Amino acid sequence: MTKHENYIRRCIQLAKNGLGTTYPNPLVGSVIVHNDIIIGEGWHYQSGKPHAEVNAIASVKNPSLLKDATIYVSLEPCSHYGKTPPCSDLIIEKGIKKVVIGTIDTFAKVSGAGIKKLMNAGCDVIVGVLEKECLELNKRFFTFHNKKRPYIILKWAETRNGYVAPALTNKREPVWITNPYSRQLVHKWRAEEQAILVGNQTVIKDNPKLTIRHWSGINPTRVVIDRSGKIPIDSSILDQTVKTITITSEKFRQENHHHLIYETIDSKNSLTKKICDILYHHNIQSIIIEGGTFTIQSFIDSELWDEARVFTGDTTFDSGIKSPILNGHIASETKIENDTLRTYYND
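The rules we used
Residues numbered from 1 in each chain as written. Predicted model: local features only at pLDDT ≥ 70, side-chain atom pairs only at ≥ 80, totals over all residues. Heavy atoms only, no water. Helix = DSSP H or I, 4+ residues; strand = E, 2+ residues; numbered from the N terminus. Buried < 20%, exposed > 50% of the residue type's maximum accessible area, 1.4 Å probe, protein only. Lys, Arg positive; Asp, Glu negative; His and termini not counted. Salt bridge = Lys/Arg side-chain N within 4 Å of Asp/Glu carboxyl O. Contact = heavy atoms within 4.5 Å. Core = buried A, V, L, I, M, F, W, Y, C linked by side-chain atoms within 4.5 Å. Phe/Tyr/Trp six-rings, centres within 6.5 Å; stacked < 30°, edge-to-face > 60°. Lys NZ or Arg CZ within 6 Å of the ring centre and 35° of its normal. UniProt positions renumbered as here; feature names shortened; annotations may be inferred. Pairing = 2+ DSSP bridges. Axes fitted to C-alpha atoms, helices over the stretch in contact; angles between N-to-C directions. Domains from an automatic or database assignment. Buried area = accessible area lost by both parts, 1.4 Å probe. Polar contact = N/O pair within 3.5 Å; in protein donor to acceptor, adjacent residues only side chain to side chain. Nonpolar A, V, L, I, M, F, W, Y, C, P; charged D, E, K, R; others polar.

Engineer: Lay out the side chain of glutamate 53 with the relevant residues and their values.
Structural biologist: With respect to the helices and strands, glutamate 53 occurs in helix H2 (residues 52-58). The buried charged residue glutamate 53 lacks any salt bridge partner; its closest oppositely charged side chain belongs to lysine 117, at an N-O distance of 12 Å. With residues up to four places along the chain from it excluded, the contact list for glutamate 53 reads Ser30, Ile71, Val73, Leu75, Pro77, Cys87 and Ile91.

Engineer: If you had to explain the nonpolar core to someone new, which residues and values would you point to?
Structural biologist: Counting residues in each nonpolar core, the largest one holds 27 residues, and the members touching the most others are Ile152, Leu154, Leu197, Val223, Ile275, Phe299 and Trp305. If you list the elements that add at least two residues to this core, you get strand S6 (151-158), strand S8 (195-199), strand S9 (221-225), strand S10 (244-248), helix H9 (271-281), strand S12 (286-291), helix H10 (293-301) and strand S13 (307-312). Ranked by the residues each element gives to this core, the list is headed by H9, at 4 residues. Residues in contact with tryptophan 305, not counting those within four places in the same chain, are Ile152, Leu154, Phe299, Ile300, Leu326, Asn327, Tyr344, Tyr345 and Asn346. Residues Val28, Ala52, Leu90 and Val125 belong to the second largest nonpolar core, which totals 22 residues.

Engineer: Describe the packing of aromatic side chains, with residues and values.
Structural biologist: Scanning all chains against the criterion turns up 4 aromatic pairs. Taken together, a centroid distance of 5.8 Å and an interplanar angle of 70° make the contact between phenylalanine 141 and phenylalanine 142 edge-to-face. Accessibility classification places phenylalanine 141 together with phenylalanine 142 in one group, the buried group. With a centroid separation of 4.6 Å and an interplanar angle of 35°, the aromatic rings of phenylalanine 144 and tyrosine 280 are classed as tilted. Here phenylalanine 144, found in helix H6 (residues 139-147), pairs with tyrosine 280, found in helix H9; they are 136 residues apart in sequence, far enough to count as distant. The class for tyrosine 280 is partly exposed, based on a relative accessible area of 28%. We note arginine 183 situated over the ring of tryptophan 176; from NZ or CZ to the ring centre the distance is 4.6 Å.

Engineer: A description of the UniProt feature "binding site: Zn(2+)" (unreviewed entry) in the protein chain should follow, citing residues and the corresponding values.
Structural biologist: Taken from the UniProt record, the annotation "binding site: Zn(2+)" (unreviewed entry) applies to His51, Cys78 and Cys87. A maximum C-alpha distance of 9.2 Å places the annotated residues, which cover 37 residues in sequence, within one compact spot. As for its position among the elements, histidine 51 is in the loop between strand S2 (37-43) and H2. With residues up to four places along the chain from it excluded, the contact list for histidine 51 reads Asn25, His44, Cys78, Thr84 and Cys87. Examined against the element boundaries, cysteine 87 turns out to sit in helix H3 (residues 87-93). Exposure remark for cysteine 87: the relative accessible area of 1% places this residue in the buried category. Setting aside chain neighbours within four positions, we find cysteine 87 in contact with His51, Glu53, Val54, Pro77 and Cys78.

Engineer: Hey, could you go over the sheet that holds S2 for me, with residue numbers and the actual values?
Structural biologist: Spatially, the 5 strands line up as an open sheet ordered S2-S1-S3-S4-S5, and their pairing is mixed. At either margin of the open sheet sits one strand with a lone partner, and together these are S2 and strand S5 (124-127). Sheet twist, expressed as the mean angle between neighbouring strand axes with direction ignored, is 15°. Where strand S1 (residues 29-34) and S2 come together, 6 bridges link them in antiparallel fashion. In the strand pairing of S2, histidine 34 is matched with isoleucine 37. Here helix H4 (residues 113-120) sits on the sheet and contacts strand S4 (98-103) and S5; the angle it forms with S5, its principal contact strand, is near 150°.

Engineer: Which residues make up the pattern of salt bridges, and what values go with them?
Structural biologist: For the structure on display, the rule yields 16 salt bridges. Across the pair glutamate 290 and lysine 155 runs a salt bridge, and its minimum N-O distance is 3.7 Å. Of this pair, glutamate 290 sits in strand S12 while lysine 155 sits in strand S6, and the two are 135 residues apart along the sequence. This pair shows no difference in class: glutamate 290 is buried, exactly as lysine 155 is. Among the charged side chains, a salt-bridge network with shared partners connects Glu136, Lys139, Glu307 and Arg309.

Engineer: For the domain arrangement of the protein chain, give the residues involved together with the corresponding values.
Structural biologist: Per the domain assignment, the segments of the protein chain are domain 1 (3-142) and domain 2 (149-345). Between the C-alpha centres of domain 1 and domain 2 the distance comes to 35 Å. Contacts between domain 1 and domain 2 engage 8 residues on the former and 11 residues on the latter. It is Tyr23, Lys139 and Arg140 that lose the most area in domain 1 upon contact with domain 2, and together they represent 63% of the buried surface on that side. The tally of links between domain 1 and domain 2 comes to 2 salt bridges. For arginine 140, the salt bridge identified is with glutamate 193, shortest N-O distance 2.8 Å. Summed over the shared surface of domain 1 and domain 2, the result is 5 residue pairs in polar contact (both at pLDDT 80 or more). Top element by residues in the side of domain 1 that touches domain 2 is H6. It accounts for 3 residues. Of the residues that constitute the side of domain 1 that touches domain 2, the class distribution is 4 nonpolar, 1 polar and 3 charged.

Engineer: Please set out the pairing of S4 residue by residue, giving values where relevant.
Structural biologist: The side chains of a regular strand alternate, first on one face of the sheet and then on the other. For S4, the buried fraction is high: 5 of the 6 residues fall into the buried class. Inspection of the sheet shows strand S3 (residues 70-75) paired to S4 by 5 bridges, in the parallel sense. The residue bridging valine 73 from the neighbouring strand is isoleucine 101, located in S4.

Structural data, given as structure tokens:
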């Protein structure tokens, strides 16, 4: 691995500290190097707060070194005024002449303009170091802006013999397939994504809260599909403690309340595409689809998914609801005590 790659990899590590807190902005990390020694580091941690390059520059104890230093950044520095001033202007102002960038920012307001401004100011700019890894880092941001929909993560747990739920029971609560460590990991994921979606049958049978209880962070926006208005009014997702979007038909639409929003879809045709359009309208860059089987399968069949995270628990059911059918390559497989977690990507 080259010197440039090592420093960009460190930028990626720093950027990941902002996962779940930077929306709607991308994840960005930055490192400043002088004579092969890191003299400054920073990452973007919240929208409206200083960007990674600003934090990295501010962390340098001896600013006089900047004119002979190299700044590394995982994503092209911005060149436009948003909630904060352009980072490319600050780099130029501080006299930093060498800039190494992981990947260009395809967002229309940036898209090469930051690089052009730096080069016009006489900076030596290198672009495309660990580009694949830097694009992966911001897969949510790029999917949202380039495909006009959220980055879609499918998630379910199944038994060793391929069931996601047992035969119907009288209890309105979840039947756990995985161990507590796997369930805690799911709550960590919820803190990292903007929204979580289920169908009405999952709400009717399990009465889930769809919140973070075994991790710290921001609760995701809850999204539920209830075109036929079957969800009981005492369901946990209607408690108005977290922003909740109910996708229903005009016939069952209700008045919006605090944290409770109704969106309507009048046709079953292209249902998943219309759901994605609604989510895009609400500026949701990423979503976990947790169930049930019919809902998950509809996104699979529509080819509207990017990643799938599938737990296999160390248990079996004699009968019940079969797991979704997914064709995709396994990117990774991990053991969590007696559970197995497989991650798939949609090529």
